[in-house]
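Survey of secondary and tertiary structure
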Amino acid sequence: MSFWKSYLQGPIWALYFIFIHALALPLEAQQLGVPETTVLTISSDRLYSDSAFGQRILREIEAEGTLLADENERIVAELSREEKELTEKRAEMPADEFRPLAEAFDSKVQSHRDGQRAKLDALARRSDEAQQLFFEMIQPVLIELLRDSGATVIIERSSVFLSSDRTDVTEIAIGRINAAIGDGSALEKNGDQ
């Protein structure tokens, strides 16, 4: 009988070990605050806009946009004043003398318009580049989140037709990203040096 007892204990202990280990993986994932599932969903828009990094960039872009709008208003006021003066001169000047002044003014208006458009384009590019940098910087955080949950994939939430809310790890990811990179200003300064 002792032979059978020791013979059965080997497989029983192996099953017991596998059972305990299988229970420990979901428990470990739950203790880390992530759901135990093979598929996670995330809202990349919220990930960016609700993170400290994204909020800092949005504030900076908004501030620069406000400065650009103020500058544009000032330029428009100056050009309106010049146009009024030019209109008054038109009544006093022969057409052949007025035409070069009008053409110069039109050229000046176009130059200011092109300059302002270029500044707006640069601001939009800066926003796009910051967003691209953000997603490059957070990749290790998302990989760690995948590992901690035991998931094999993270899918964009807006691309999913139907899923449980418990698969959405956007809030967890934002918390981890904020802990890892903060608002990103220190990382950007270190990259400049």
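Residues numbered from 1 in each chain as written. Predicted model: local features only at pLDDT ≥ 70, side-chain atom pairs only at ≥ 80, totals over all residues. Heavy atoms only, no water.

1. Digging into the overall build of the protein
When its secondary structure is counted, the protein shows 7 helices and 2 strands. Along the chain direction, N to C, the helices and strands of the protein fall in the order α-β-α-α-α-α-β-α-α. Put simply, the protein has 193 residues, and 24% of those count as buried. Across the protein, contacts joining residues at least 24 apart in sequence account for 84% of those joining residues at least 6 apart. Total accessible area on the protein stands at roughly 13400 Å², and carbon and sulfur atoms take up 57% of it. (Helix = DSSP H or I, 4+ residues; strand = E, 2+ residues; numbered from the N terminus. Buried < 20%, exposed > 50% of the residue type's maximum accessible area, 1.4 Å probe, protein only. Contact = heavy atoms within 4.5 Å. Areas by Shrake-Rupley, 256 points an atom, 1.4 Å probe, with all protein chains shown as cover.)

2. Some details on the pattern of salt bridges
It is possible for side chains bearing opposite charge to pair when their charged atoms get close. Under the counting rule described, the total for this entry stands at 13 salt bridges. Ionic pairing is found between Glu171 and Arg46, a salt bridge with its closest N-O pair at 1.9 Å. One end of the pair, Glu171, is in helix H6 (residues 170-181); the other, Arg46, is in helix H2 (residues 44-49), and 125 residues separate them in sequence. Among the salt bridges present, the one from Arg74 reaches Glu78, with a minimum N-O distance of 2.9 Å. Placement of both Arg74 and Glu78 in helix H3 (residues 52-92) is noted, with a separation of 4 residues, approximately one turn of the helix. Under the relative-accessibility criterion, Arg74 is labelled partly exposed at 43%. Look at Glu78 and you get partly exposed, because its relative accessible area is 29%. (Salt bridge = Lys/Arg side-chain N within 4 Å of Asp/Glu carboxyl O.)

3. What to know about the nonpolar core
With 21 residues, the main nonpolar core has Leu47, Phe53, Phe134, Ile138, Ala173, Ile177 and Ile181 as its most contacted residues. Mapped by element, the contributors of at least two residues to this core are strand S1 (39-42), H2, H3, helix H4 (95-137), helix H5 (139-149) and H6. Setting aside anything within four residues of it in sequence, one finds Ile177 in contact with Leu47, Phe134, Ile138, Val141 and Gly182. Core analysis: the second largest hydrophobic core is formed by 7 residues, Ile75, Leu79, Phe98 and Val109 among them. (Core = buried A, V, L, I, M, F, W, Y, C linked by side-chain atoms within 4.5 Å.)

4. Some details on the packing of aromatic side chains
If you walk through the whole model with that rule in mind, you get 5 aromatic pairs. Between the aromatic rings of Phe134 and Phe135, the centroid separation amounts to 5.1 Å while the plane-to-plane angle is 80 degrees, which identifies the pairing as edge-to-face. Phe134 gets classed as buried once you look at its relative accessible area, which sits at 0%. Take Phe135: its relative accessible area is 29%, and that puts it in the partly exposed class. The rings of Tyr48, Phe53, Phe134 and Phe135 are connected pair by pair, giving a single aromatic cluster. (Phe/Tyr/Trp six-rings, centres within 6.5 Å; stacked < 30°, edge-to-face > 60°.)

5. Some details on H5
Among the residues making up H5, those that are buried are Val141, Leu142, Leu145 and Ser149. Seen from one end, H5 has its buried residues packed into an arc of 95 degrees, which puts them on one side. Those residues of H5 that are exposed and angled more than 90 degrees off the buried face are Pro140 and Arg147. Note on H5: the residue one or two positions beyond its end, Gly150, has a positive phi of about 80 degrees. (Arc of directions from axis to C-beta.)

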